Amino acid sequence: MFFCSRRVYSIVLFLIGLTPATAQEPIDEYMQELSLKALLEIDIAGAAVRDLGLGQAIKTANPFELSAMQLPLSVEVINSRTMRARGLKTVTEAAEHLVGVISGESPAEPSSFSMRGFIRDSVIVLRDGIRLGPASMTMRPHNTFNLQQVEILKGPASLHFAAPTASGIINMITKKPVIGQESATELFGAYSRFDSSEWGIGRSGPVTDKLAYRFDINRAGSNGWVDDTDSYSFNITASMLWQVSPSLDMMLSFDYLDDDLPAYWGTPLVPASFSREPISGIINTDNGSVLDQQLRFNNYNVGDQRSDSEHLWSKITANWQPSSMVKVKNTLFHFSADRAWKNAESYVFNPQTLLLDRDRFFVFHDHQFYGNQLDINIEHLLGQVEHQLTIGLDYARTDFERARGFPDGDSVDPYQPVAGMFGPLDKRLSPTKIDEFAIMVEDTLFLNDDWHLTLGIRKDFIDTTRDNFDENGIFIAEDSFKRTFKPISYRLASSYQLTENLAVYGQLSTGHDPVGSNIYLVNANENFDFTDISQVELGVKSVSADGNIEMTSAIYKTKRENILLLVTHDSVGNSGSQVAKGIEFAASGRLSKNWRLGGNFAYTRAKYEDYMDPDFGVDATGNTPPNVPKWVANAWFSVNNIAGLPLELGAGVRYIGKRHTNFENTVTLQDYVVVNAFAAYTLDKLRISINVRNILDEDYAPWGDIFYPNQIGIAPPRAVELSFQTKF
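Reading guide: rules and limits
Residues numbered from 1 in each chain as written. Predicted model: local features only at pLDDT ≥ 70, side-chain atom pairs only at ≥ 80, totals over all residues. Heavy atoms only, no water. Helix = DSSP H or I, 4+ residues; strand = E, 2+ residues; numbered from the N terminus. Buried < 20%, exposed > 50% of the residue type's maximum accessible area, 1.4 Å probe, protein only. Contact = heavy atoms within 4.5 Å. Areas by Shrake-Rupley, 256 points an atom, 1.4 Å probe, with all protein chains shown as cover. Pairing = 2+ DSSP bridges. Patch = residues over 30% accessible without salt bridge, like charges linked within 9 Å, V, L, I, M, F, W, Y side chains within 5 Å. Salt bridge = Lys/Arg side-chain N within 4 Å of Asp/Glu carboxyl O. Core = buried A, V, L, I, M, F, W, Y, C linked by side-chain atoms within 4.5 Å. Lys, Arg positive; Asp, Glu negative; His and termini not counted. Charge placed at Lys NZ, Arg CZ, Asp CG, Glu CD. Polar contact = N/O pair within 3.5 Å; in protein donor to acceptor, adjacent residues only side chain to side chain. Phe/Tyr/Trp six-rings, centres within 6.5 Å; stacked < 30°, edge-to-face > 60°. Lys NZ or Arg CZ within 6 Å of the ring centre and 35° of its normal.

K.L.:
Pulling in residues and values, what's your account of the overall build of the protein?
P.N.:
When you go through the protein residue by residue, the secondary structure sums to 6 helices and 42 strands. Per-residue burial for the protein yields a buried fraction of 59% across its 728 residues. Across the protein, contacts joining residues at least 24 apart in sequence account for 70% of those joining residues at least 6 apart. Here the protein has roughly 28,800 Å² of accessible surface; of this, 56% comes from carbon and sulfur atoms.

K.L.:
Tell me about the sheet that holds strand E4 (residues 118-119), and name the residues and values.
P.N.:
Within the open sheet, the 3 strands sit side by side as E2-E3-E4. Their pairing is antiparallel. In this open sheet, the two strands that pair with only one neighbour each are strand E2 (102-104) and E4. Taken together, the 2 bridges between strand E3 (residues 112-115) and E4 define a ladder with antiparallel strand orientation. The residue bridging Ser 114 from the neighbouring strand is Ile 119, located in E4.

K.L.:
Tell me about a nonpolar patch on the surface, and name the residues and values.
P.N.:
A contiguous nonpolar surface patch, about 780 Å² in accessible area, is contributed by Tyr 370, Leu 393, Tyr 395, Phe 437, Ile 439, Val 441, Ile 457, Phe 461, Ile 488 and Tyr 490. Elements that contribute at least two residues to the nonpolar patch include exactly strand E24 (385-405), strand E26 (428-446), strand E27 (451-466) and strand E29 (488-499). Inspection of the secondary structure puts Ile 457 in strand E27. Given a relative accessible area of 36%, Ile 457 falls into the partly exposed group.

K.L.:
Go over the sheet that holds strand E17 (residues 283-285) with me, naming the residues and quoting the values.
P.N.:
Sheet architecture is open: 3 strands sit in the order E17-E38-E37, paired in antiparallel fashion. At either margin of the open sheet sits one strand with a lone partner, and together these are E17 and strand E37 (659-660). As judged from the 3 bridges shared by E17 and strand E38 (residues 667-669), these two strands associate in the antiparallel manner. Of the residues in E38, the one forming a bridge with Ile 283 is Leu 669.

K.L.:
Describe the nonpolar core, listing the residues and the values that go with them.
P.N.:
Ranked by size, the top nonpolar core spans 24 residues in total, and within it Leu 54, Ile 58, Leu 73, Val 75, Leu 153 and Ile 169 carry the most contacts. Looking at this core, the elements with two or more residues in it are strand E1 (75-79) and strand E5 (123-127). Setting aside its immediate chain neighbours within four residues, Ile 169 contacts Thr 60, Met 115, Ile 124, Leu 126, Glu 151, Ile 152, Leu 153, Ser 158 and Phe 161. Judged by nonpolar contacts, the second largest core, of 21 residues, contains Phe 361, Val 363, Tyr 415 and Phe 422.

K.L.:
Please give an account of a positive patch on the surface that cites residues and values.
P.N.:
A contiguous patch of positive charge on the surface is contributed by Lys 557, Lys 581, Arg 605, Lys 607 and Lys 630. Position of Lys 557 relative to the elements: it lies in strand E32 (residues 549-568). What makes Lys 557 partly exposed here is its relative accessible area of 40%.

K.L.:
Account for a negative patch on the surface, with residues named and values stated.
P.N.:
On the surface, a cluster of negative charge is made up of Asp 195, Asp 227, Asp 228 and Asp 230. Note on placement: Asp 227 falls in the loop between strand E11 (211-222) and strand E12 (231-245).

K.L.:
Describe unusual backbone geometry, listing the residues and the values that go with them.
P.N.:
For Arg 116, which is not glycine, the phi torsion reads 55 degrees and is therefore positive. Here Arg 116 is to be found in the loop between E3 and E4. In this structure, Asn 641 is a non-glycine residue whose phi angle is positive, near 55 degrees. Mapped onto the elements, Asn 641 comes out in the loop between strand E35 (631-639) and strand E36 (647-656). A relative accessible area of 39% means that Asn 641 is categorised as partly exposed.

K.L.:
Please give an account of the side chain of Ser 103 that cites residues and values.
P.N.:
By the secondary structure assignment, Ser 103 is in strand E2. Within the structure, Ser 103 has its side chain in polar contact with the side chain of Glu 96 (distance 2.9 Å). Leave out the neighbours within four places in its chain, and Ser 103 touches Thr 92, Glu 96, Ser 112, Phe 113, Pro 702 and Trp 703.

K.L.:
Let's hear about the pairing of strand E9 (residues 184-192): which residues, and what values?
P.N.:
Most of E9 is tucked away, with 7 of its 9 residues classed as buried. Taken together, the 9 bridges between E9 and strand E10 (residues 196-208) define a ladder with antiparallel strand orientation. Residue pairing for E10: Glu 186 is matched across the bridge by Gly 202. Adjacent in sequence and paired antiparallel, E9 and E10 are bridged by 3 residues, among which Phe 194 carries a positive phi angle near 65 degrees. Both E9 and strand E42 (residues 719-727) contribute to a ladder of 7 bridges, which runs antiparallel. Opposite Glu 186, over in E42, you have Lys 727 as the bridge partner.

K.L.:
Describe the pairing of strand E22 (residues 355-358), naming the residues involved and giving the relevant values.
P.N.:
Side-chain alternation along E22 places Leu 356 and Arg 358 on a buried face and Leu 355 and Asp 357 on a face that remains uncovered. Two elements, strand E21 (residues 347-350) and E22, share 4 bridges in a ladder whose sense is antiparallel. By the bridge assignment, Tyr 347 is partnered in E22 with Arg 358. Counting the residues that bridge the hairpin from E21 to E22 gives 4 residues, and of these Leu 354 lies at a positive phi of roughly 60 degrees.

K.L.:
How would you summarise the environment of Ala 715 if you had to cite specific residues and measurements?
P.N.:
In this structure, Ala 715 sits in the loop between strand E41 (711-712) and E42. With relative accessibility at 4%, the residue Ala 715 sits in the buried group. Along the sequence, Ala 715 and Gly 104 sit 611 residues apart, while their C-alpha atoms lie 9.7 Å from each other. Among residues more than four places away in sequence, those in contact with Ala 715 are Trp 225, Arg 296, Tyr 700 and Pro 702.

K.L.:
Outline the pattern of salt bridges, supporting the account with residue identities and numerical values.
P.N.:
Enumeration according to the criterion identifies 28 salt bridges in this entry. Measuring nitrogen to oxygen at the nearest pair gives 3.1 Å for the salt bridge that ties Arg 397 to Asp 435. Of this pair, Arg 397 sits in strand E24 while Asp 435 is found in strand E26, placing the two residues 38 residues apart along the sequence. For Glu 648, the salt bridge goes to Arg 687, with nearest N and O atoms at 3.2 Å. With Glu 648 in strand E36 and Arg 687 in strand E40 (residues 686-693), this pair connects stretches of sequence that are 39 residues apart. With respect to class, Glu 648 is no different from Arg 687; both count as buried. Where salt bridges share partners, they join Arg 50, Glu 76, Arg 116, Lys 154, Glu 537 and Glu 584 into one cluster.

K.L.:
Please provide a residue-by-residue account of the packing of aromatic side chains, values included.
P.N.:
Tallied over the entire structure, the rule returns 20 aromatic pairs. Following the ring pairs from residue to residue traces out a cluster consisting of Phe 585, Phe 601, Tyr 603 and Trp 631. Across the ring face of Phe 188, the terminal group of Arg 84 is positioned such that the distance to the ring centre comes to 3.8 Å. The side chain of Arg 127 reaches across the aromatic face of Trp 313, ending 5.5 Å from its centre.

K.L.:
Pulling in residues and values, what's your account of the side chain of Gln 388?
P.N.:
Here Gln 388 is to be found in strand E24. On the basis of relative accessibility, which here comes to 5%, the residue Gln 388 falls in the buried class. Within the structure, Gln 388 has its side chain in polar contact with the side chain of Glu 379 (distance 3.3 Å). The contact partners of Gln 388, leaving out residues within four places of it in the chain, are Phe 64, Leu 66, Ile 378, Glu 379, Glu 442, Asp 443, Thr 444 and Phe 446.

K.L.:
Before we move on, can you summarise the environment of Lys 59 with the specific residues and values?
P.N.:
Of note, Lys 59 is situated in the loop between helix H2 (36-40) and E1. Lys 59 gets classed as exposed once you look at its relative accessible area, which sits at 54%. Spatially, the C-alpha atoms of Lys 59 and Val 150 are 9.9 Å apart, while their sequence positions differ by 91 residues. Apart from the residues within four sequence positions on either side, Lys 59 is in contact with Gln 149, Glu 151 and Ile 173.

Have a look at this one:
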């Protein structure tokens, strides 16, 4: 299963061997900010309050490097400085601090997200601009040490990467080498409650004046706050940048991940009459079921459980500028993954036996994904009108073999569970092959200095083949299928600069939920089609005259029709529509030289329209979708140079409103407030921090898994972390 460890370690050792003994001087004046002195300073004081970065160019779906102020869409960035200042260790934690994002860490769907009223595969998750497949099938918890930043585009706002989805895009951007940058090493270490630890090492620098390297290694692990829930994550990112000529550069990069998720699948709900110590304030149920404090730290999984994976990304990217008007970018990529789940996942209280009935479910993924992304970007004049034209050609091939089974389960005592063993593995194979080709054309017209208009279209051609085999390996023709889809997506957007510091924008866009986990699970006798998406959005972006205050706001309405819904482990159906309307607001301000304050909120009103669950007959018309709160809010402050010392204090408050965990809306997760705080002492080359997470020791549930309605994942209790960061 673990197929690439030696190869990746060899790559890293090779890069280390290329590290020169002495640093070279920068080759360009604009590289002054990357001088050795700047590189070696731990300059993150005040970064805990995130700049909105309206004057900066984002990397996601922005080939002409327009500033965030100019882009006619809602975009957010959280960079490595802010993630490190706040002590955000995972991409999930980082995304949650942005406007209106909530997430969950169920081992069944690690790092699931909810944005703008939609969840799961309505969010496209990218790794350096590459979409691996449905987030619910391919996403893993990712650490932040190896990342330069995380960018989020809201709604179906981009025609790049895949057909636009309802929630938007989350792009994890890894650290990269820079030609002319001097050599530097970064070290990080942290330790906290539950024997949780993390360390990282990063190294970058020149090999020659035309060749640069970067590698980052990160390892995180924990014993877990629930019994027998050890976990770890190990990530290596390594890349080489070669400036072939003044007009051509090439980058070879590798990204390796090995992980094992915690075996905590939730705390079971039990009748109030059975509970010995009910927990209040986390959940309300229509049938009176409760969570019990004496069950909170019990692990009900089997002793030989598995939730592990190993991934390897390989990419070659070429950037060529044959003239001042034309830029070409091509990325050739390959991805391999093995994933394994073997667990007792569901725990249902049996009122007759007073035991918990456990299921068994196993699934193994052998995932191969490769392809090519070509973007041709042309700037030109047509009469007196400036154009920025992008032509994109994408091809990707997915070979996905899924082996799964449902052995017989058993029952355990809720208060004294015996782990036991999983049992036999009678596999049923379901290989899936998907060929995707897409052409995208997008043109931005600068009608004058203040007003530009963007028109775009994307056409996808998707051939999908799925075969089904029984436990004996016999092909089941009646359950296998081959389908071709040809969705078309459009985008019309415009931005107008009212003043130098104030811009308004609007957009109309359409999209389709992409090939997702539902396609991997569908059977031939099920009639289905892609989900249709449409959105209208208006927004405002502003910066104060002195640049100390930034604000963004947006209103939107998004609709999904003909929803393709996963309703059991192996079946889907199209049903009804879903509408979400909302308001989003974010602000960041420098109150003085040392005081900073920032925050955001999102109000979302989402509901199903004419919606009937096709398998269970649940009429959810008018109900709120699972894991969609009406209100989400965050606020952060920081103050540094306290008493003239390089001492910084900061704190953040996060509020999440009530959410439902099922389509019937009969189980409600209560609203909650979480407070985090930190103190940091910084010298030129060393920063020591103390981070306190959940300082009020709040009991809450961040997420409800719709496929496990009889259990709830409770968040970890308060934890104090001591960490250091240094550069040399």
